[in-house]
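Architecture at a glance
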Amino acid sequence: MGTSEQFTIGVEEEFLIIDPRTRRLRPESGEVVPEAEREVGDHVEPEFKLSQIETSTPPCQSLDELRTELVHLRRGVIEAAERADSVVGAAGTHPFSHTGGGEVTPKESYIGLEREYQRLAREKVICGCHVHVGVSDREAAVQIMNGVRPWLGAVLALAVNSPFWLGEDTGYASFRTEVWRRWPTAGTPHTFASSEEYDSFVELLLKIGSIDDPARLFWDVRPSPRFDTLEFRVTDVGLTVDDSLTVAALVRALTQTCDAEVADDTPMCDPRPELLREATWRAARYGLDGQLIDVCNGRSVPAVQLVKGLLSYLRPVLEENGEWSEVCSLVERLTDRGPGAARQREAFRRAERLEDVVDLVVKETKSGVV
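Residues numbered from 1 in each chain as written. Predicted model: local features only at pLDDT ≥ 70, side-chain atom pairs only at ≥ 80, totals over all residues. Heavy atoms only, no water.

**A closer look at unusual backbone geometry**
The phi torsion of most residues other than glycine is negative, and most of the peptide bonds are trans. Put simply, the rule reads: We count a stretch as a helix when DSSP gives it H or I for four or more residues in a row; a strand needs E for two or more, and each element gets its number in order from the N terminus. With a 1.4 Å probe rolled over the protein chains alone, any residue whose accessible area is under 20% of its type maximum counts as buried; one over 50% counts as exposed, and the rest are partly exposed.
With phi around 60°, Asp85 is a residue other than glycine that occupies positive phi space. Note on placement: Asp85 falls in the loop between helix H2 (63-83) and strand E4 (87-89). Phi is positive for Asp265, close to 60°, though the residue is something other than glycine. Counting through the fold element by element, Asp265 comes out in the loop between helix H9 (241-263) and helix H10 (273-286). Residue Asp265 is classed as exposed on the basis of its relative accessible area of 67%.

**Some points on helix H14 (residues 354-366)**
Inclusion rule: Each residue after the first adds 1.5 Å to the expected span of a helix. Residues count as neighbours in contact if any of their non-hydrogen atoms are within 4.5 Å of one another.
When the terminal C-alpha atoms of H14 are compared, their 19 Å separation across 13 residues agrees well with the 18 Å that a helix rising 1.5 Å per residue should span. Of the residues making up H14, those classed as buried are Leu354, Val357, Val358, Leu360, Val361, Val362, Glu364 and Thr365. On its buried side, H14 packs onto strand E1 (9-18), H2, E4, strand E6 (164-165), helix H12 (324-337) and helix H13 (340-351). A positive phi of about 75° marks Gly368, the residue just after H14.

**Section: the pairing of strand E12 (residues 291-294)**
To be explicit about the condition: Strand pairing follows a simple DSSP-based rule, namely that at least 2 bridges must link the two strands.
Where E12 lies against strand E13 (residues 299-302), four bridges are found, and the strand directions are antiparallel. Along E13, the bridge assignment pairs Asp294 with Arg299. The antiparallel hairpin formed by E12 and E13 contains four residues in its connecting segment, where Gly298 sits at a positive phi of about 60°.

**A closer look at the packing of helix H1 (residues 29-40) against H2**
As a reminder of what qualifies: Axis lines are fitted through C-alpha atoms, for helices just across the contact stretch, and the angle between N-to-C directions can take any value from 0 to 180 degrees. Roughly parallel means an angle under 35 degrees; roughly antiparallel means over 145; roughly perpendicular covers 65 to 115; every other angle is labelled oblique. Note on convention: near helix rotated counterclockwise from far helix by under a right angle means a left-handed crossing. Clockwise means right-handed. Think of it as three bins: nonpolar holds Ala, Val, Leu, Ile, Met, Phe, Trp, Tyr, Cys and Pro, charged holds Asp, Glu, Lys and Arg, and polar takes everything else, Gly as well.
The interhelical angle for the contact between H1 and H2, taken along N-to-C directions, is 135°, at an axis separation of 8 Å. As far as their axial angle goes, H2 and H1 are oblique. For the pair H1 and H2, the crossing hand works out as right-handed. Contact residues: H1 offers Val32, Glu35, Ala36, Glu39 and Val40, while H2 offers His72, Leu73, Gly76, Val77, Ala80, Ala81 and Arg83. Its residues placed into classes, the contact of H1 with H2 shows seven nonpolar, two polar and three charged.

**Some thoughts on the layout of surface pockets**
To keep it simple, the criterion reads: In the cavity and pocket records, a cavity denotes points on a 1 Å grid over the protein atoms alone where a 1.4 Å probe fits but cannot get out, a pocket denotes an open set with protein on both sides within 12 Å along at least 5 of 7 lines, and lining residues are residues with an atom within 4 Å of a point. Grid points are joined across faces, edges and corners, and a volume is the space filled by probe spheres set on the points.
Of the pockets and cavities examined, the largest pocket occupies roughly 600 Å³. If you trace the largest pocket, you find 28 residues lining it, with Glu47, Tyr110, Arg216, Phe218 and Arg233 closest to the centre. At the level of elements, E1, strand E2 (44-46), helix H3 (108-117), strand E5 (128-134), helix H7 (175-180) and strand E11 (229-236) are the ones that each hand at least two residues to the lining of the largest pocket. Here the lining of the largest pocket is built from residues that sort into nine nonpolar, five polar and 14 charged. For the second largest pocket, the calculated volume is near 190 Å³. Lining the second largest pocket are 14 residues, with Thr240, Asp242, Asp243, Arg333 and Arg337 positioned closest to its centre.

**Points about the state of the cysteines**
Basically, it comes down to this: Disulfide: a pair of cysteine sulfur atoms within 2.5 Å of each other.
Per the stated rule, a full pass over the model turns up one disulfide. A sulfur-sulfur separation of 2.2 Å characterises the disulfide bridge that pairs Cys269 with Cys296. Disulfide Cys269-Cys296: the torsion about the S-S bond is -115°, which places it as left-handed. Here Cys269 is found in the loop between H9 and H10, whereas its partner Cys296 is found in the loop between E12 and E13, with 27 residues between them in sequence. The class for Cys269 is partly exposed, based on a relative accessible area of 25%. Take Cys129: it sits in no disulfide, and the sulfur closest to it among the cysteines is that of Cys127, at 11 Å. You can call Cys129 buried: its relative accessible area is 1%. The thiol of Cys258 is not disulfide-bonded; the next cysteine sulfur, from Cys296, is found 9.6 Å away.

Geometric values such as these leave the question of function open.
Dropping the structure here:
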């Protein structure tokens, strides 16, 4: 994933491993990962729980290149899972499998997380989509991080894909967000005046024992501790390749737009952290079906209006990239069909069977792939 090239784009997707008969979680990453490695090499690895698996694309220059990589990696893990008598699903949460007794992948860093965070770690069976955008200058990365924060709620609203948890409709479009935000280092970061201030804060957290590694900063957006990238971590994993591609396209354009504003010394919107938390909560609660918060103008607006505002803000960069028509089409298809949470709920309404929701997730994960 690492790169020093400006505005390359890479995506990490986390998937659930599922028993095709019971539709419950299946702790089989020990079998699935080696099978997948034969197809996609080191772009696949175990995740926190044995019932999860993660893929990571190489850095890509174009959306077409990224789509090809996402399809290749999904196909690799799908076919590997099938050879191990399992299936995989791209959802932020499993609709009904119990999480408390889930087995942690026997990796020292994961075992340490469970030891430290106890029940929070035992319930961490959630899947996200992490997008890395190449930003070669660390100072610029910190300033861009400051600038993108007002739009994270709009991006999340498009990507909500986890309405069910432990056999219930939670009432949230992204309950994964709520599960994750209980962690002390999760959420939207405050602004930092400089990369020096950012690094000093990370050193403080290490000194006082709040984290044992800079990678334990689980913020919605952060300068990557491993690569020359700005890493966006705010969304659920996309139900389909197109869902993940839409998020990736938007956050890269958002990074480029804010980078230009930093270079021009354009004053940036700097909302209070309480308002940003409320904005992200509302996006997780309602997705595209409610009133979201335009944090820079201090008002509630229909979700689709906020998304249109985001597209308008990004239009100059998207046109310069030659991506305006494609990204508009991706967003339009997603809003017409509804994000993953809406599609999951529609599957449940037909017969009120959560097994049908799992089947829908597995089918949509394969869409355009197999």
